[in-house]
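Single-letter residue listing:
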Amino acid sequence: MSTENLPQSPEQPSRKPRVAVVFGGRSSEHGISVVTAGAVLRAIDRSKYEVLPIGITRDGRWALTADAPERMAITDRRTPTVEDLAESAEGGVVLPVDPANREVVYSEPGSVPKALGEVDVVFPVLHGPYGEDGTLQGLLELSGVPYVGAGVLASAVGQDKEYMKRVFTSFGLKVGPYVVIRPREWQRDESTARKRIVDFAGEHGWPLFVKPARAGSSIGITKVEGLAGLDEAVAEAQRHDPKIIVEAALRGREIECGVLEFEDGPRASVPAEIPPPETHAYYDFEAKYIDSTPGIVPAPLTSGETDEVRELAVRAFEAASCEGLVRADFFLTEDGEFVINEINTMPGFTPISMYPQMWQASGIGYGELVDRLIQAALRRPTGLR
C-alpha cells in the first residue's frame, strides 16, 4: 500500500549536544577551577550547545550548580567555591556507569530522583588531583561519555612531575636536574632523605624549588635560598602531596607554548614569555591569579627560537600521548637551550590565562577555542584508541 497520501509526522528537530561542565574538586586548586568554569560557561555558544554545570565540592559531592558565570570570579582576593553555587547543600548528581545510558540523575534526600537528560560530552575544567590526574577520565571512560582533553594515561603523566620528566627524557627532551623524595623515604629516615636534598644542593647550588610532585597552579611551592628554610619548605609541599620533587633553579627566560588538537593533528600556538614578577620571588599562585602578572605575547624570540619551541611543544604533547590541549612550559637558558619544565593537560583557562592568550595571538579567539575543544571531544571515541 502506498503511503504517499497519508499524513506524515513532522520531523523532530535534532537535539543540541549537551555539554556538562564539571569543575571544583577536592584538590588545592578548587577555587581556580571554579573561576575557569565561569569563563568556559560564559563562552559556550548556547545557540549550538545545551549546558549542564556540575560542581564537585571540596569534600567530593557532585552538586547541581547555578549557571551563573558572574558569580564565579575572584572577589576581594578570594576564589569562589562550588559550595557558593550549589543548588542544594545535600543534593547529588550521578553520572551513568553504563555506556549504553548517558542519562544524568539528580537526587535529594526524601525526594524522587530527577533525570537531567543525556550528556553528550563532558568539559572537565578540574585542576590537580582527583580531576586532572586521570581519575575523572577513567570514570568517563567507564561511562562511555566523551570528554575534552587528555585521556587517562596522559592525564596521570601530566599530573606527576616525576614521571612526566621520565617520559620526556625517554623521548629525547631535555629536563632540568631534580630529585624526588617519596613519602616512605621521609617517614622511614627523615635525616637521610634530607641529606639527599642537601647533597643535591651541593651539586647544583642554591636556590632550590621544593614542590608537591602532583599539584599545579604553583600551590605549595617554595623557593629555598639555603638550608635554614628547607624543612619548612618540605612541610609546605607535603601539605599538598606526600611525594615531593626538588628542582634546581635554571637561569634563563620562562617561555610557554600552547598546543591544540586539530582535525589533522596537534599544532602549536605562538609562544609567550613570563617576565619575572616585580613583587614576587617567582611566578607563584598570587602572581598568576591574584595580581595577574601579565605575560608577553608573542614572546620576543628569534624566528628560529620560535620555530624550535613550537616543535618541542608538539613533541611533548605527543610524547605523553596527549589529546585536546596542553600548555608546555620551558626555560630558555643563558646558553640558548630550551629545557622543558612541565606540561599542563588542563591549563589555566580564563580569558586572561596564558593558554587562551597565546591562541588569541595565533588567530583563535576564546569562544572558538572552547568550540574546537568540544568538537574534538565529540569526534573522539572513548575506549582504547
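Whatever comes next refers back to the structure up there.
What you see is a predicted model, and the numbers here were worked out from it, not measured in a lab. (Residues numbered from 1 in each chain as written. Predicted model: local features only at pLDDT ≥ 70, side-chain atom pairs only at ≥ 80, totals over all residues. Heavy atoms only, no water.)

## So, the packing of aromatic side chains
- With the rule as written, the count across this model stands at 5 aromatic pairs.
- Note on Phe330 and Phe338: the rings are 6.2 Å apart at their centroids and 80° apart in plane angle, and the pair reads as edge-to-face.
- Classification of Phe330 by relative accessible area gives buried; the value is 3%.
- An aromatic cluster of three or more residues is present, and its members are Phe123, Phe349, Tyr355 and Tyr366.
- Above the plane of the ring of Tyr130 lies Arg26, whose end atom (NZ or CZ) is 4.0 Å from the centre.
- Residue placement shows Lys165 over the ring face of Tyr178; its charged tip is 5.7 Å from the ring centre. (Phe/Tyr/Trp six-rings, centres within 6.5 Å; stacked < 30°, edge-to-face > 60°. Buried < 20%, exposed > 50% of the residue type's maximum accessible area, 1.4 Å probe, protein only. Lys NZ or Arg CZ within 6 Å of the ring centre and 35° of its normal.)

## Examining the pattern of salt bridges
- For the structure shown, the criterion picks out 29 salt bridges.
- Taking the shortest distance from any N to any O, the salt bridge between Arg194 and Asp231 comes out at 2.8 Å. Of this pair, Arg194 sits in helix α7 (residues 190-204) while Asp231 sits in helix α8 (residues 230-238), placing them 37 residues apart in sequence.
- Residue Asp231 is classed as partly exposed on the basis of its relative accessible area of 37%.
- The partner of Asp329 in a salt bridge is Arg327, and the shortest N-O contact between them spans 2.9 Å. In terms of burial, Asp329 and Arg327 fall into one category: buried.
- Linked through salt bridges whose partners overlap, the residues forming this network are Asp160, Glu162, Arg166, Arg182 and Lys243. (Salt bridge = Lys/Arg side-chain N within 4 Å of Asp/Glu carboxyl O. Helix = DSSP H or I, 4+ residues; strand = E, 2+ residues; numbered from the N terminus.)

## Things to note about the sheet that holds strand β5 (residues 103-107)
- The strand order across the open sheet built from 3 strands is β4-β5-β6, with neighbouring strands paired in antiparallel fashion. The open sheet has two edge strands with one neighbour each: β4 (92-94) and β6 (114-118). Strand-to-strand twist of the sheet, defined as the mean angle between neighbouring strand axes without regard to direction, takes the value 25°.
- Bridging between β4 and β5 involves 3 bridges; their strand directions are antiparallel. The residue of β5 that forms the bridge with Gly92 is Ser107. (Pairing = 2+ DSSP bridges. Axes fitted to C-alpha atoms, helices over the stretch in contact; angles between N-to-C directions.)

## With respect to the pairing of strand β11 (residues 244-248)
- With 5 of 5 residues buried, β11 is to be regarded as a mostly interior element.
- Neither face of β11 is exposed, since Ile244, Val246 and Ala248 on one face and Ile245 and Glu247 on the opposite face are all buried.
- When strand β8 (residues 178-181) meets β11, the two strands line up antiparallel, connected through 4 bridges. Bridge pairing links Ile181 to Ile244 in β11.

## Digging into the state of the cysteines
- The final tally for this structure, using the stated rule, is 0 disulfides.
- Looking at the unpaired Cys257, the closest cysteine sulfur is the one in Cys322, lying at 13 Å.
- Take Cys257: its relative accessible area is 0%, and that puts it in the buried class.
- Judged by relative accessible area, Cys322 falls into the buried class, the value being 8%. (Disulfide = S-S within 2.5 Å.)

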